[in-house]
Amino acid sequence: GAVVSQHPSWVICKSGTSVKIECRSLDFQATTMFWYRQFPKQSLMLMATSNEGSKATYEQGVEKDKFLINHASLTLSTLTVTSAHPEDSSFYICSANGQGGQPQHFGDGTRLSIL
Amino acid sequence: QQQVKQSPQSLIVQKGGIPIINCAYENTAFDYFPWYQQFPGKGPALLIAIRPDVSEKKEGRFTISFNKSAKQFSLHIMDSQPGDSATYFCAGNRGSRLTFGEGTQLTVNP
């Protein structure tokens, strides 16, 4: 149980392109979803927290117009990296809490490479 | 005050050894302390977790020791195997928000 699916697992695109990443909770309803960014050999850094039906809360230093988050249902959140540039290349990981709270369950991440 | 400090940064043990990874926190509002295991190219997977009113929790070969007064906790892996080679992250939870340690890259040699 408590499976979080993330798609795509790897995307390569040209600079200036917008990229959408999907995060789905497959067997539970996720009232809260989280988006993290991870650089090689570093820890996970929280980018934003999204609650179903409301606006996402972004961490300090994260551009909300750059990283658009939509949490339209209890099983789906999307992260759109708008006008992506090489510095946006990273490993993006989502996670979800069930209605009971902890623990957070993580997807398998999306490797984003911007050329 | 939100930081969780983790050590060592990397650790190499022989098969059957008992690697120990340590974490220290400052925020006494943390109410839940999970450990995650991450393999290259994958997301973190929950390994074991503890609440601050418990001093020790064991699940299979994995044990968390928790010292509330010292604000420290550690992960012990008994009878370590090469398949345990991965990066391990401790974390502290407040509300629904996790703060992660820096990670420990564990290598278990055959």
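Residues numbered from 1 in each chain as written. Chains lettered and ligands numbered in written order. Predicted model: local features only at pLDDT ≥ 70, side-chain atom pairs only at ≥ 80, totals over all residues. Heavy atoms only, no water.

Participant: When you look at the overall build of chain A in this model, what are you seeing that I'm missing?
Facilitator: Within chain A one finds zero helices and 11 strands. Along chain A, helices and strands appear, N-terminal first, in the series β-β-β-β-β-β-β-β-β-β-β. Relative to the globule expectation of 13 Å for 115 residues, the C-alpha radius of gyration of chain A, 13 Å, shows essentially globular dimensions. Dimensions of chain A along its principal axes, counting C-alpha atoms only, are 40 × 25 × 20 Å. For chain A, the proportion of its 115 residues judged to be buried stands at 50%. In chain A, 55% of the contacts between residues at least 6 apart in sequence involve partners at least 24 apart. (Helix = DSSP H or I, 4+ residues; strand = E, 2+ residues; numbered from the N terminus. Rg over C-alpha atoms; globule rule 2.2 N^0.38 Å. Buried < 20%, exposed > 50% of the residue type's maximum accessible area, 1.4 Å probe, protein only. Contact = heavy atoms within 4.5 Å.)

Participant: Would you explain the pairing of strand β7 (residues 67-73) of chain A in this entry?
Facilitator: Consecutive residues of a regular strand have side chains that alternate between opposite faces of the sheet. All names here are of chain A. Where β7 and strand β8 (residues 76-81) come together, five bridges link them in antiparallel fashion. What sits directly across from L68, in β8, is T80. Taking the residues that link successive antiparallel strands as the turn, the β7-β8 hairpin has two residues. (Pairing = 2+ DSSP bridges.)

Participant: Can you walk me through the interface of chain A and chain B in this structure?
Facilitator: A common way to state how big an interface is: give the accessible area lost once the parts meet. Taken together, the contacts link 19 residues of chain A with 18 residues of chain B. For the pair chain A and chain B, the two sides together bury roughly 1400 Å², of which 52% comes from carbon and sulfur. The partner of D108 of chain A in a salt bridge is K42 of chain B, and the shortest N-O contact between them spans 3.8 Å. At the boundary of chain A with chain B, the tally comes to six residue pairs in polar contact (both at pLDDT 80 or more). Elements represented by at least two residues in the side of chain A that touches chain B include exactly β4 (32-38), β5 (44-51), β9 (90-98) and β10 (101-106) of chain A. Of the residues assigned to the side of chain A that touches chain B, the class counts are eight nonpolar, eight polar and three charged. (Buried area = accessible area lost by both parts, 1.4 Å probe. Salt bridge = Lys/Arg side-chain N within 4 Å of Asp/Glu carboxyl O. Polar contact = N/O pair within 3.5 Å; in protein donor to acceptor, adjacent residues only side chain to side chain. Nonpolar A, V, L, I, M, F, W, Y, C, P; charged D, E, K, R; others polar.)

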